[in-house]
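Close look at the chain arrangement
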Amino acid sequence: MSAPGKKKHREIEVEQLAVGFQIAPMIDVVFVIMLFFMVMVGSVKVERELKSQLPGLAPPSADAPTEMPDEIIVGVEETGAVTLNEEEFDSNRPDKALPDFISTLKRLKEEADNRQAKVIVTIQAEEQATYERVIDVLNALAVAKIANVTFTVGGEEGF
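So, a few notes on the structure that sits alongside this text. (Residues numbered from 1 in each chain as written. Predicted model: local features only at pLDDT ≥ 70, side-chain atom pairs only at ≥ 80, totals over all residues. Heavy atoms only, no water.)

What follows deals with the pairing of strand β1 (residues 70–76). Here β1 runs beside strand β4 (residues 119–125); their pairing, made up of 7 bridges, is parallel. Residue pairing in the sheet places isoleucine 73 in a bridge with threonine 122 of β4. When β1 meets strand β2 (residues 82–84), the two strands line up antiparallel, connected through 3 bridges. Bridged to valine 76 within β2 is valine 82. Where β1 folds back onto β2 in an antiparallel hairpin, the turn is made up of 5 residues, including glycine 80, whose phi is positive at roughly 100 degrees. (Pairing = 2+ DSSP bridges. Helix = DSSP H or I, 4+ residues; strand = E, 2+ residues; numbered from the N terminus.)

Written out as structure tokens, the structure is:
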């Protein structure tokens, strides 16, 4: 037995736990997040699939025929000559304005607008054509208010 004034204290051995960064739960969380995104990607709607009408635009009528876009090919050659569907414009003029080319573009744009068709221009610049002449063509397209422009460079022998 123990003495009446002394209390016996139990000593409890406490093991030191090594607290550190546990990687296994983090891997589990990453896999759960990855699974979530894999499942959700199928339910995302692409913008062209959404049936929404922007304000200020008239809804397309079902009886109105849809016109195919007018495709124009503008060539810029090494010599600085500018062609429109293989017809050369303003080749004898050294100025940058291209007045005949601009008037033809305006006429084509006006005709397409009357038919409610788009005008799509493809600029085919030769490899050695100057950037300055390509910019002159872009300025002419801006004056004619043609905005749908694409570029191709070089010849067809590489394709």
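What follows concerns helix α2 (residues 99–114). An ideal rise of 1.5 Å per residue puts 22 Å on 16 residues; α2 measures up with 23 Å between its terminal C-alpha atoms. Considered for burial, the residues of α2 that qualify are Phe101, Ile102, Thr104, Leu105 and Ala112. Mapping the buried residues of α2 onto a view down its axis gives an arc of 165 degrees, with all of them on the same face. Seen from the open side of α2, the exposed residues pointing more than 90 degrees away from its buried face are Glu110 and Asn114. Within two residues after α2, glutamine 116 carries a phi angle of roughly 60 degrees, on the positive side. (Expected span 1.5 Å × (residues − 1). Buried < 20%, exposed > 50% of the residue type's maximum accessible area, 1.4 Å probe, protein only. Arc of directions from axis to C-beta.)

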